[in-house]
Amino acid sequence: MEQAKNIGIRENVISNLGVNPQDAKISLTYFTISFATLLIGGLLGLIQGLERAGLYSLPAGFNYYQVLSAHGLLLLVVFTATFTIGYQLANLSHSFNGLLPKVRKMIWIGIVLKVIGVVLAVTMIVLGEASVLYTFYPPLAAHPIFYIGLVLLVLGIWSVAFGVFINYRHWRKENPGKPTPILAFFAMGVFVLWFFASLGVTIEVFMIIPWVLGWVETINVMVTRTLFWWFGHTLVNIWYLVATSAWYIIVPKIVGGKHFNEKLIRLVVILLVVLNIPGGFHHQIIDPAISISIKFLHVFMSLSIAVPSLMTAFAMFYVLEKAGRKKGGKGLFGWFKKLPWGDVRFLAPMIAMIAFIPGGAGGIVNTSNQMNQVIHNTMWVVGHFHVTVGVSVVLTFFGICYWLIPHLSKRQLTPKMNKIGVIQTWIWTIGMTIMAGSMHLAGLVGDPRRTSDTTYAGHETALSWLPYEYVFATGATLLLIGVIIQVYAVFNMMFFAPKGKTEYPVSEPEDDQPKVPMWTERWGLWAIVLLAVVAMAYVIPIVDMIVNAPPGSPPIKTW
Amino acid sequence: MSKLEEIWMTVSVGVLVIFMVIVGYQTYALGMGPPSHKETIDPQKVEQTAPFDNPGLIDLGDNKYELVMTLEAFAFNPGNVEVPVGAEVEFTMTSKDVSHGVQIPGTNVNAMVLPGHIQKITHTFDEPGEYLILCNEYCGTGHQAMFTTITVK
């Protein structure tokens, strides 16, 4: 609790950089969109939880799949993306001492494009013209405006990504021979991966638009599915890469330590960027039209992501133990107690990191042939991504808010707000543990995902899932309470908290560290390696899907 | 420090290699690979294409059966099939419209059934009972109503 009292009065340790006020405005705009979206998306999540358990019926004219489509799109694409951009741009501004004016312009254009895109896509969902869920698998065909909205959304993200690349190049030119600050390096990793991930879905959407407009009659179902997962799975790993930037660089400062060997951190970023995209294939393990050998290759390619993650686990425990021992922690686990558990800026990302242990283990289940067949399209998968995205990523994001938002709005994190944050973190953790835990169990006994309330005419197997579904609803209720507290905290810190200065907690490297290797900055090379890995993974199956394609499918609307 | 790190990395990579060996052994030596059938069909002419022009249970003798099934929003055809205890059933399936998934909770039967593609999966029903067959890929407003049963007696 001592930490809690000290927060907000640490003016003396403010970094001399900080975020440029014009860039702070950009980041705060992104956070406003992000947390408004979280509120709507979270409410839709509770509605689903209650509907699924048969405790609530939607008003006439709305159905479960519409709500699910909006929940998925708003939280997985809008909330996380806007938070990521707001946070990464703040990191860049802090690292580069402000963004370039033309880059700022590109970012504002990006915001406008994204907002228009989201409004178009969500409007189509509300009108019942796009109940196609997050995956929008053809031959389900939504209204053309839904896909046009998605195109604008991607263009908005590209506008920001190119801005980041330009700013990075500019800084490198101005600072020859100097390695970029580590947070800027992370930001490059995030946007490079984002750009290449979105290529898959962009090609897919450009196949879909002429098809829904009737210019071409049929579409290749397998190719569109594969292109979707090229993007769809990589997206969640982008959020994970964003979270690791806080784990590696922010958390050590908060616990009073220093960050791990920068060479390893950079290597982890590069590995996550180049290895990630083929991971999408494990979503297609039980698909027809992909041979068993190709699927086996993809088990390997998906699992390779575990290597940088295990390196992260090692580095984080090393840093935390060292900091805890410095504070006088003795014995095998004494250091653990010395960590600042009462400081929300630490507590939230720490629980997020711990959640990545079961989350990662669940991911290994999902990527392996036979185990995937047991849990594919069951509630297990929903439980899995509520642990990984919903805790490991989102709780890290929430923890970031408690220092970044007051820093940007030139206000303080008060001890009271810190306490609210700690309570919020525990409500969130308990809510997710209950909900995701019961989802995993329900999935193991066969409860299918993405299915509205049903007992399959009272079949006893389906009735046995009901108790788990009541538990989902309980967890979802706690989570909505958590969302409301978090949204309150964010807007309070943005507009009402006492004026003041808040530290931008960036950790320093340990003393005696070797020089940062400059070869890590060769992003052109990493892009080529990424493309080579993608080619290894995709050329054979996609060529096979095109050459041996069946006659295509016409657009179909089944809702 | 760097020694510990090396041990950790060696163990991590070692575990993954062992893992791959096990998955590979199951896939190739035990024939437990995931459903990956590669035949195709015109999704708009399913009803005119054999064997889906005449879906149903085919007795292959020796307590082996082939169940030729079409999936469409929101039904399995045929539904409510009966087989004897110990029957080995090969499901041969395709979709007449959008993507579907077939799952029999309590068994390892779980496969995607996509338009234009024929999917196959085999299961031996050793225990008697009424098994639920459900669609586990969102296929439209009536998705939750898309199910049937297979009775084993």
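You'll find the structure just up there.
Remember, it's a predicted structure, so these values are computed and weren't measured experimentally.

Criteria and thresholds
- Residues numbered from 1 in each chain as written.
- Chains lettered and ligands numbered in written order.
- Predicted model: local features only at pLDDT ≥ 70, side-chain atom pairs only at ≥ 80, totals over all residues.
- Heavy atoms only, no water.
- Helix = DSSP H or I, 4+ residues; strand = E, 2+ residues; numbered from the N terminus.
- Rg over C-alpha atoms; globule rule 2.2 N^0.38 Å.
- Buried < 20%, exposed > 50% of the residue type's maximum accessible area, 1.4 Å probe, protein only.
- Contact = heavy atoms within 4.5 Å.
- Areas by Shrake-Rupley, 256 points an atom, 1.4 Å probe, with all protein chains shown as cover.
- Buried area = accessible area lost by both parts, 1.4 Å probe.
- Salt bridge = Lys/Arg side-chain N within 4 Å of Asp/Glu carboxyl O.
- Polar contact = N/O pair within 3.5 Å; in protein donor to acceptor, adjacent residues only side chain to side chain.
- Nonpolar A, V, L, I, M, F, W, Y, C, P; charged D, E, K, R; others polar.
- Phe/Tyr/Trp six-rings, centres within 6.5 Å; stacked < 30°, edge-to-face > 60°.
- Axes fitted to C-alpha atoms, helices over the stretch in contact; angles between N-to-C directions.
- Parallel < 35°, antiparallel > 145°, perpendicular 65-115°, else oblique.
- Left-handed = near helix turned anticlockwise from the far one by under 90°.

Along the backbone of chain B there are one helix and 10 strands. Mapped in sequence order, the helices and strands of chain B form the string α-β-β-β-β-β-β-β-β-β-β. Radius of gyration (C-alpha) of chain B: 20 Å, far over the 15 Å computed for a compact globule of 153 residues. Along the first, second and third principal axes, the C-alpha set of chain B runs to 65 × 35 × 30 Å. When burial is assessed residue by residue, chain B has 52% of its 153 residues classed as buried. When contacts within chain B are restricted to residue pairs at least 6 apart in sequence, those whose partners lie at least 24 apart make up 59%. Approximately 6,600 Å² of chain B is accessible, and the part contributed by carbon and sulfur atoms is 54%.

This next bit is on the interface of chain B and chain A. On the chain A side, the residues contacting the 61 residues of chain B number 72 residues. Across the chain B to chain A interface the summed buried area is about 5,400 Å²; carbon plus sulfur atoms make up 67%. Of all residues in chain B, the largest losses of buried area upon contact with chain A belong to Met20(B), Tyr138(B) and Gln144(B), amounting jointly to 13% of the total for that side. Linking chain B with chain A are two salt bridges, by the criterion used here. One salt bridge in this structure joins Arg450(A) and Glu137(B), with 3.5 Å as the shortest N-O distance. Across the contact surface, chain B and chain A share 27 residue pairs in polar contact (both at pLDDT 80 or more). Listing elements by their share of the side of chain B that touches chain A, those giving two or more residues are helix 1 (2-29), strand 7 (110-113), strand 8 (119-125), strand 9 (129-135) and strand 10 (147-152) of chain B. Here the side of chain B that touches chain A takes 14 residues from helix 1 of chain B, the largest share from any one element. Split by residue class, the side of chain B that touches chain A holds 33 nonpolar, 22 polar and six charged.

A few words now on the packing of aromatic side chains. Residues and elements named next belong to chain A. Summed over the entire model, instances satisfying the criterion amount to 46 aromatic pairs over all chains. Relative to Tyr 87, the ring of Phe 83 lies with its centre 6.2 Å away and its plane at 35°, an arrangement referred to as tilted. A residue pair is termed a helical-turn pair when its members lie 3 or 4 positions apart in one helix, as Phe 83 and Tyr 87 do in helix 3 (residues 64-96) at four residues. Given a relative accessible area of 0%, Phe 83 falls into the buried group.

The relative placement of two packed helices is expressed as an angle between their axes plus a distance between the axes. All names here are of chain A. Where helix 2 (residues 21-52) meets helix 17 (residues 466-495), the closest approach of the two axes is 9 Å, and the angle between their N-to-C directions is 160°. What the angle tells us is that helix 2 and helix 17 run roughly antiparallel. Where helix 2 crosses over helix 17, the handedness of that crossing is left-handed. When the residues that make up the contact of helix 2 with helix 17 are grouped by side-chain class, the tally is 19 nonpolar, five polar and two charged.

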